[in-house]
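# An overview of the molecular structure
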Amino acid sequence: MNDEINIPVSLPLDADGFLRRECPNCEEEFKWFSHAEGDPDAEQVDQYFCPRCGQGAGLDSWWTPAQLEYAHGAAAPAIDDFVNGALDDLFKGLNSKHLKVKRSGRYSSGTPTPESLHEPDDMVIVESPCHPNEPVKVSGDATDRVYCLVCGSPFAA
Ligand SMILES: [Zn+2]
Ligand SMILES: [Zn+2]
């Protein structure tokens, strides 16, 4: 049995194709542009820099609390299916000529299916001079000092 499950959870983008993010360091929100898969403009990096405070963090560190809650709920049915499949296998393995076991009922974690997230079209687009292929959105009063998402260089929009 493979003990790793991958559950794709899609998060909503705003009308310009940006995804809301929260910095694990300063906890300010911003958005980065969500490139389509295989987009040659997408920078290959192993960390991003916060446009608000300039601190770097790994690619998986930028979830907003609402996104985490949503992902948890959206993944629950797949996790339930996975557990049920594993339990079925286990019970099948217990069966023999002399022993018949059958489990009744179905496992459920009881996590409610979440309301879909709504992404408002707020914030303004800024492009760093060094990496204009990776634009970000920050709130309108934060554009006079922004850090490049890719390399962390400060710039004024
Ligand atoms: Zn930050
Ligand atoms: Zn840059």
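Residues numbered from 1 in each chain as written. Chains lettered and ligands numbered in written order. Predicted model: local features only at pLDDT ≥ 70, side-chain atom pairs only at ≥ 80, totals over all residues. Heavy atoms only, no water.

What follows concerns the pattern of salt bridges. Taken as a whole, this structure holds eleven salt bridges when the rule is applied. Between R20 and D122 there is a salt bridge whose closest N-O contact spans 2.9 Å. With a gap of 102 residues between them, R20 in strand β1 (residues 18–22) and D122 in the loop between α1 (65–94) and β5 (124–126) connect regions that are remote in the sequence. The exposure class assigned to R20 is buried, which follows from its relative accessible area of 11%. A residue is classified by how much of its surface remains accessible, and D122, at 29% relative accessible area, is partly exposed. With a shortest N-O distance of 3.1 Å, E119 and K31 are connected by a salt bridge. (Salt bridge = Lys/Arg side-chain N within 4 Å of Asp/Glu carboxyl O. Helix = DSSP H or I, 4+ residues; strand = E, 2+ residues; numbered from the N terminus. Buried < 20%, exposed > 50% of the residue type's maximum accessible area, 1.4 Å probe, protein only.)

Time to look at the coordination of the zinc ion (ligand 1). Those protein atoms acting as donors to the zinc ion (ligand 1) are C23 (SG), C26 (SG), C50 (SG) and C53 (SG), and they sit at 2.3 Å. Considering all four donor atoms around the zinc ion (ligand 1), the spread of angles at the metal, 101 to 113 degrees, places the coordination shape in the tetrahedral class. Counting the intervening residues between successive donors of the zinc ion (ligand 1) yields the motif C-x2-C-x23-C-x2-C. Taken together, the residues span a long stretch of sequence, with C23 in the loop between β1 and β2 (29–33) and C53 in the loop between β3 (47–49) and β4 (56–58) at a distance of 30 residues. With relative accessibility at 1%, the residue C23 sits in the buried group. (Donors = N, O, S within 2.8 Å, 3.2 Å for Na, K, Ca; no water. Tetrahedral: all angles 85-135°; square planar, octahedral: opposite > 155°, others 65-115°.)

Here we come to the coordination of the zinc ion (ligand 2). For the zinc ion (ligand 2), every protein donor is listed as C130 (SG), H131 (ND1), C148 (SG) and C151 (SG), and the spread of their distances is 2.1 to 2.3 Å. For the zinc ion (ligand 2), the four donor atoms are set out with angles of 101 to 119 degrees between them, so the coordination reads as tetrahedral. Sequence spacing of the donors to the zinc ion (ligand 2): C-H-x16-C-x2-C. In this pair, H131 sits in the loop between β5 and β6 (136–138) while C151 sits in the loop between β7 (146–147) and β8 (154–155), placing the two residues 20 residues apart along the sequence. Accessibility expressed as a relative area gives 17% for H131, which makes it buried. A relative accessible area of 32% places C151 in the partly exposed class.

In space, the four strands of this open sheet follow the order β1-β2-β6-β5, with antiparallel pairing throughout. Pairing within the sheet leaves two strands with one partner each, and these edge strands are β1 and β5. If you compare each strand with its neighbour and ignore which way they point, the axes differ by 35 degrees on average. Note: β2 against β6, two bridges, orientation antiparallel. Across the sheet, the residue bridging to K31 is K137, located in β6. (Pairing = 2+ DSSP bridges. Axes fitted to C-alpha atoms, helices over the stretch in contact; angles between N-to-C directions.)

For the rest of this paragraph, the subject is the environment of S109. Here S109 is to be found in the loop between α1 and β5. Owing to a relative accessible area of 34%, S109 belongs among the partly exposed residues under this scheme. Remark: the alpha-carbon pair of S109 and A76, spanning 33 residues in sequence, is separated by 7.1 Å. If sequence neighbours within four positions are ignored, S109 has contacts with A76 and D80. (Contact = heavy atoms within 4.5 Å.)

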